[in-house]
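# Examination of the molecular architecture
Next come the chains, spelled out residue by residue.
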Amino acid sequence: MITCTGCALLCEDIEVIIENNSVKETRNACRRGAARIKGCVNRMVPSIDQKPVDIDISLKKAIQILKNAKAPMLFGFGNSTNEAQKKAIQLAKKINAALDDTSSFCQGHLIEKVLHNKFRTCSLDEIRNKADVLVYWGSDAQDSQPRHLSRFSYFPRGELRQRGYEEDRLAIAIDVRESNTAKICKGHFYRIPLKGDREFILALMDALSGKVPTYDPKKMLELAAILKKAEFGVIFAGIGLTYSIKDDIDILVALSDKLPNFHIMPMVGHYNMRGFNENLFNETGFVNRVKFSEGKTIHDDKYSIVEALKENTVDALLVVGSDPVSSLPRSIISHLASIPVICIDPCVTMTSKIAIVNIPCAVSGIESSGTAIRMDGKVVELKKAMASNYPDDENVLKRLLEVI
Ligand code: SF4
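Residues numbered from 1 in each chain as written. Predicted model: local features only at pLDDT ≥ 70, side-chain atom pairs only at ≥ 80, totals over all residues.

### Topic: the overall build of the protein chain
Scanning the protein chain from N- to C-terminus turns up 19 helices and 18 strands. Taking 2.2 N^0.38 as the reference for a compact globule, 404 residues should give roughly 22 Å; the C-alpha atoms of the protein chain span a radius of gyration of 22 Å, in line with that estimate. C-alpha extents for the protein chain along the principal axes are approximately 65 × 50 × 35 Å. By the burial criterion, 50% of the 404 residues in the protein chain qualify as buried. In the protein chain, the proportion of contacts linking residues at least 24 apart, taken out of those at least 6 apart, comes to 68%. (Helix = DSSP H or I, 4+ residues; strand = E, 2+ residues; numbered from the N terminus. Rg over C-alpha atoms; globule rule 2.2 N^0.38 Å. Buried ≥ 20, exposed ≤ 12 C-beta atoms within 10 Å, placed from the backbone. Contact = placed C-beta atoms within 7 Å.)

Right under this line is the structure:
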């Protein structure tokens, strides 16, 4: 049995059949997970200037770049183990680097609120056992965390929900489009306009307070009545919601104050993004966007990868287990042309294609072991199932740390 690292659900019930050191078959994994476990379509090879070299030579070149950099940045780590993330924090401290991850432009704001205990949250196991009202808000779990509904939320029987989804659970979707998750919500789909989440929350809070909301009063009063009756409710806050209210996340805190039986869970995508946020938070009190300077930690929006590239304030970028070239706008990414990029990853990515130095590593959870933090905060063990020709990213970072 291994743990799937295809998303932040970290399913621990995956069976794999290995033959000749390659995955022949997987059981229990969803399609996304099975693809992840099968490994890279295109395996990365060590290279400098896109020309293959020995891995030790690519490491030496990476060390030289980081040593010479006056304003280096380390970025990524959502697909790295806790152990690798902790090494990255040590490395960033040692070379006075800025450190950021993808949560900086997705769920970081929400996870920060969770870590500061700003609203009630709960575990996935509690949801399976107790939850009766499930609100998928700006979240298409069916596509992004494909076993969410079947393992934890809507479909399974639970201690207090023996009659399952047929009678004991109600699923609601609030979204700008009728997603695959919304289609399962049997008529409880509330369509909102793009960036309309704030207005929707305000109207819902009015309805919960007994006022007649100005925005779609009939539907709002109907929704407020359902939410008020919940015994154990959960709002699954997806990226759609977080993007939309990112400048006013406290409005979600205000909504949760009006719903005493509700819990909020950030729907995390990358398997250990929450791990990065927690590890950095434990070390510095911040979840992302930091810069280390002679033993001090500075937290500022200018240390987000977006701002740093826009303002040209970094002179070398180390990317680990992430692909900013495929996820950031071209106007931002164009700045990468003027600085050396080092990429550590098991697979060829858009970022590795423009990197000066590529250092391949083992695929965590199948070729290397470690731990990760599930979307609800549970620490999960990752087990190695087969050998790799390459070191894991923790060891690559350890070597960089030792030599620099
Ligand atoms: S739901 Fe996520 S963790 Fe579970 S098998 Fe699918 S991809 Fe893997």
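### Examining the sheet that holds strand β11 (residues 262–266)
Ordered in space as β9-β8-β7-β10-β11, the five strands form an open sheet in which the pairing is parallel. Edge strands, defined here as strands with exactly one partner in the open sheet, are β9 (189–191) and β11. Between one strand axis and the next, the sheet turns through 15° on average, direction left out of account. (Pairing = 2+ DSSP bridges. Axes fitted to C-alpha atoms, helices over the stretch in contact; angles between N-to-C directions.)

### Examining the sheet that holds strand β13 (residues 296–299)
Taking strand neighbours across the sheet as the criterion, the nine strands line up as β4-β3-β16-β15-β14-β5-β6-β12-β13 in an open arrangement whose pairing is mixed. In the strand order of this sheet, the two ends are held by β4 (51–52) and β13, each with one partner. Relative to strand β15 (residues 341–345), strand β14 (residues 316–320) runs parallel, the two sharing four bridges. Pairing of Leu317 across the sheet is with Val341, part of β15. Seen against the sheet, helix α2 (residues 55–68) touches β3 (47–48), β5 (72–76), β14, β15 and β16 (357–360) and runs at an angle of roughly 130° to β16. Across the face of the sheet, helix α3 (residues 82–94) comes into contact with β5, β6 (98–100), β12 (290–293) and β14 while running at roughly 165° to β5.

### Quick look at the packing of helix α4 (residues 108–115) against helix α14 (residues 273–284)
Their axes nearest at 10 Å, the elements α4 and α14 cross at an angle of 50°. As far as their axial angle goes, α14 and α4 are oblique. Crossing angle aside, the handedness with which α4 passes α14 is right-handed. Contact residues: Gly108, Ile111 and Leu115 in α4; Arg274, Asn277, Glu278 and Phe281 in α14. Of the residues that constitute the contact of α4 with α14, the class distribution is three nonpolar, two polar and two charged. (Parallel < 35°, antiparallel > 145°, perpendicular 65-115°, else oblique. Left-handed = near helix turned anticlockwise from the far one by under 90°. Nonpolar A, V, L, I, M, F, W, Y, C, P; charged D, E, K, R; others polar.)

### Comments concerning the site of the ligand
Taken together, 13 residues form the shell around the ligand, and within it Cys4, Gly6, Cys7, Cys11 and Gly33 come nearest. Looking at the shell around the ligand residue by residue, the class counts come to eight nonpolar, three polar and two charged. (Near = placed C-beta within 6 Å.)

### Points about the nonpolar core
One recurring pattern in soluble globular proteins is that nonpolar side chains are buried together. The biggest cluster of nonpolar side chains holds 113 residues, and the ones touching the most others in it are Leu134, Val135, Phe236 and Ala237. When residues are assigned to domains, this core turns out to be shared by domain 1 (42–102 + 271–379 + 390–403) and domain 2 (108–266), each giving three or more. (Core = buried A, V, L, I, M, F, W, Y, C linked by C-beta atoms within 7 Å. Domains from an automatic or database assignment.)

### A look at the packing of α3 against α14
For the pair α3 and α14, interaxial distance at closest approach is 10 Å and the crossing angle is 45°. What the angle tells us is that α3 and α14 run oblique. Between α3 and α14 the crossing geometry is right-handed. Side by side, α3 and α14 meet where Asn82, Gln85, Lys86 and Ile89 of the first sit next to Gly275, Phe276, Asn279, Leu280 and Glu283 of the second.

### Remarks on the environment of Ala88
By secondary structure assignment, the location of Ala88 is in helix α3. In sequence terms Ala88 and Asp393 are 305 residues apart; their C-alpha atoms lie 9.6 Å from each other. In this structure, Ala88 is in contact with Leu74, Phe77, Val320 and Leu397, ignoring residues within four places of it in sequence.

### Regarding the domain arrangement of the protein chain
Taken domain by domain, the protein chain holds domain 1 (42–102 + 271–379 + 390–403) and domain 2 (108–266). Relative placement of domain 1 and domain 2: their C-alpha centres are 33 Å apart. Taken together, the nine residues of domain 1 in the interface contact eight residues of domain 2. Classifying every residue of the side of domain 1 that touches domain 2 by side-chain character gives three nonpolar, two polar and four charged.

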